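Close look at the chain arrangement
The lines below spell out each chain.
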Amino acid sequence: VTAHVVSLRTPIEGLVATSVAAVGNPVYVGTVLAEIINPLADDRQARAMRARLVRLRADLDAAGQEHATLTLMLGDLTERAVRHRSAKIVQLALDIARINRDRAARQQQLDQLVRDMRRKVALRGTLSESDIETAETAVRVAAQQVASFDQQINATQAEAQSTEAGVLTEANSGNDVAYSEQRADEVRVRLAELARTISTMQAASTETEDQLAAETATLERAQTATISVPSPGMIWRLGAAPGERVAPGDLLAQIVD
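About the criteria used
- Residues numbered from 1 in each chain as written.
- Predicted model: local features only at pLDDT ≥ 70, side-chain atom pairs only at ≥ 80, totals over all residues.
- Heavy atoms only, no water.
- Pairing = 2+ DSSP bridges.
- Helix = DSSP H or I, 4+ residues; strand = E, 2+ residues; numbered from the N terminus.
- Contact = heavy atoms within 4.5 Å.
- Axes fitted to C-alpha atoms, helices over the stretch in contact; angles between N-to-C directions.
- Core = buried A, V, L, I, M, F, W, Y, C linked by side-chain atoms within 4.5 Å.
- Buried < 20%, exposed > 50% of the residue type's maximum accessible area, 1.4 Å probe, protein only.

Moving on: the sheet that holds strand E5 (residues 224-228). On the basis of which strands lie adjacent, the open sheet formed by 4 strands has the order E5-E4-E2-E7 and antiparallel pairing. Here the strands that pair on one side only, and so sit at the sheet edges, are E5 and strand E7 (245-246). Taken together, the 2 bridges between strand E2 (residues 14-19) and E7 define a ladder with antiparallel strand orientation. Residue pairing for E7: Gly14 is matched across the bridge by Val246. The strands touched by helix H3 (residues 179-223) within the sheet are strand E4 (32-37) and E5, with E5 carrying the most contacts at an inclination of about 60 degrees.

Right under this line is the structure:
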């Protein structure tokens, strides 16, 4: 008599953990015939990936906290730079007002000196030439002082315009911006570097998660295997008993239709 025989073989190495059938027992589709467990499956790569993923997530958290801290610092530095610029503009406005007052006073003195000089020139012949030259010299000196005040006003106004534009032009200073603005520039550079680092770590974390999922699935298949009956029949032969160690491809059972 010819009968259809189905051979079930173990897909992995391990120990036969359970068996629900014996020779001569009928079996049906989906019946779990045996479970193979391999306690010696190599999980080092999966553990290394888990450790790397934990490290990446910790680095991401640290980078995120640093990014948040630097963002707050940048806001504070920017506000300080604005306050410094406003205070400097107010100071320059007061300087311009003071110079204008000094110029106005000196202009009045110049006008008086001019009138005195003209009166002395009109009396030439009755006054000595020395008195006339002294008056003329005083007029020239006062006129130069008024011109100097005009130049100071122009320079201070130019400095105020530069300050409003965010550029410092203070004497005996090598800084073109305030210290807070310099620090803000450094923080902006660091934030850009952190953004690139966070993006890189996020990509690495996602890649590691995918690799870990694939490695975990592979490890689960290497650690445990469940043998189910593919077609109904009767147990004709058993190749391994519970507790017995089997290798991949070893005969576990034969089912005859």
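Moving on from the model shown.
Bringing the pairing of E2 into the picture now. Taken together, the 4 bridges between E2 and E4 define a ladder with antiparallel strand orientation. Across the sheet, residue Leu15 finds its bridge partner in E4, namely Ile37.

Moving on to the nonpolar core. Of all hydrophobic cores here, the largest spans 18 residues; its most connected members are Val16, Leu33, Ile36 and Ile255. Of all the secondary structure elements, the ones that give two or more residues to this core are strand E1 (5-9), E4, E5 and strand E8 (251-256). If near-sequence neighbours (up to four positions away) are discounted, Val16 is found in contact with Ala34, Glu35, Ile36, Ala240, Ala241, Pro242, Gly243, Glu244, Val246 and Leu252.

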